[in-house]
Amino acid sequence: MKDRRKLFRLMIGGVVTAYLLLAGYWVFTGRFREDKMKETVIWQSETEKDDKPEETGGKKIALTFDDGPHPVYTPMLLEGLKKRGVKVTFFLMGSAVEKYPDIVKQIADDGHLIGNHTFHHVGLENADTALIESEVVSANELIEKIAGERPQFIRPPFGQCDDGIESDTGMICVLWSIDPQDWCTKDASKVVKRVMANAKDNGIILLHDQYKTSVMAAFTIIDELQKEGYEFVTVDEILLD
Ligand SMILES: [Zn+2]
């Protein structure tokens, strides 16, 4: 009887010990599993960060087109810009605005920015009041009549900007920082290459919608620079920021 009771106690003791060992093991492995899970979560978030494309946002660049509107190439340009959802700046000549008012209206309706490029493409260096009146103010009035808004920006032909123009007209002179000489080369791939090599944040690109090659180049420039994280904006967003 005594032996059987001893045996019974030993059995109970064994079961309790086994239970305690099992519980200990479970608690230990449980914590271990938790640690492992934490490790996995950290690893995942780190790799997710690494997988993200390089931070390229925030770069702005502006396309500008001088001497228009052109009866063929400006509508061609407008169509491609609409397809890409890109807004640009046009510096229009009063004499061409007079000839193609419907295209000017289209430019405004599409949401592009319109600037002044004088009435007859004349240099404004040391311009007197009479010249400013006939070349700048008259073009402003015509553009306002057609597009509904008076231009605030002027690109003086040949880049001749002196303080007098700004103080006399209250307008802002806009030059450029990237000039691929599109009017001279008339070679789309050369224009693209030159712009791509010189593209920079807050850059202003000078083109002329007077040539098919310039329009084609503009489309490639947009597609390529967008891939590099550039946002195309109108010049007011670069100059008035
Ligand atoms: Zn010009």
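Given the structure is predicted, the values throughout are model-derived calculations rather than measurements. (Residues numbered from 1 in each chain as written. Predicted model: local features only at pLDDT ≥ 70, side-chain atom pairs only at ≥ 80, totals over all residues. Heavy atoms only, no water.)

Brief notes about the pattern of salt bridges
We apply this condition: Salt bridge, as applied in this entry: a Lys or Arg side-chain nitrogen positioned within 4 Å of an Asp or Glu carboxyl oxygen. The helix count covers DSSP runs of H or I at least four residues long, the strand count covers runs of E at least two residues long, and both are numbered beginning at the N terminus. Think of it in three bands: residues with accessible area under 20% of the maximum for their type are buried, residues over 50% are exposed, and the middle band is partly exposed, with areas taken using a 1.4 Å probe on protein chains only.
Per the stated rule, a full pass over the model turns up 6 salt bridges. The salt bridge partner of aspartate 110 is lysine 82, with a shortest N-O separation of 3.6 Å. Highlighted residues: aspartate 110 in the loop between helix H4 (101–109) and strand E3 (113–116) and lysine 82 in helix H2 (residues 73–84), separated in sequence by 28 residues. With a relative accessible area of 57%, lysine 82 lands in the exposed category.

Brief notes about the coordination of the zinc ion
Which entries qualify depends on this criterion: The donor definition counts N, O and S atoms within 2.8 Å of each metal and applies 3.2 Å to Na, K and Ca; water is not among these atoms, so some sites may look incomplete.
Taken together, the protein donors to the zinc ion comprise Asp67 (OD), His117 (NE2) and His121 (NE2), at separations of 2.0 to 2.1 Å. Written as a sequence motif, the donor residues of the zinc ion are D-x49-H-x3-H.

Looking at the confidence of the model for the protein
Applied cut-off: Every residue gets a pLDDT, meaning the predictor's confidence in that residue, from 0 to 100. By definition in these notes, contact holds between two residues if any of their heavy atoms fall within 4.5 Å.
When pLDDT is averaged along the protein, the result is 85, and 76% of the positions lie at 70 or above. In the predicted structure, residues 27–54 sits below a pLDDT of 50 and forms 1 contact with residues beyond four places in sequence or in another chain.

A closer look at the nonpolar core
Which entries qualify depends on this criterion: Among buried residues, those of type Ala, Val, Leu, Ile, Met, Phe, Trp, Tyr and Cys that are joined through side-chain atoms within 4.5 Å constitute a nonpolar core.
Grouped together as the largest cluster of nonpolar side chains are 36 residues, with contacts concentrated most on Phe90, Ile205 and Ile221. The element that contributes the greatest number of residues to this core is helix H9 (residues 212–227), accounting for 7 residues. Setting aside chain neighbours within four positions, we find isoleucine 221 in contact with Val191, Val192, Val195, Ile205 and Phe232.

Quick look at the environment of isoleucine 103
As for its position among the elements, isoleucine 103 is in helix H4. In this structure isoleucine 103 touches Pro69, His70, Pro71, Thr74, Pro75 and Leu78, once residues within four positions along its chain are discounted.

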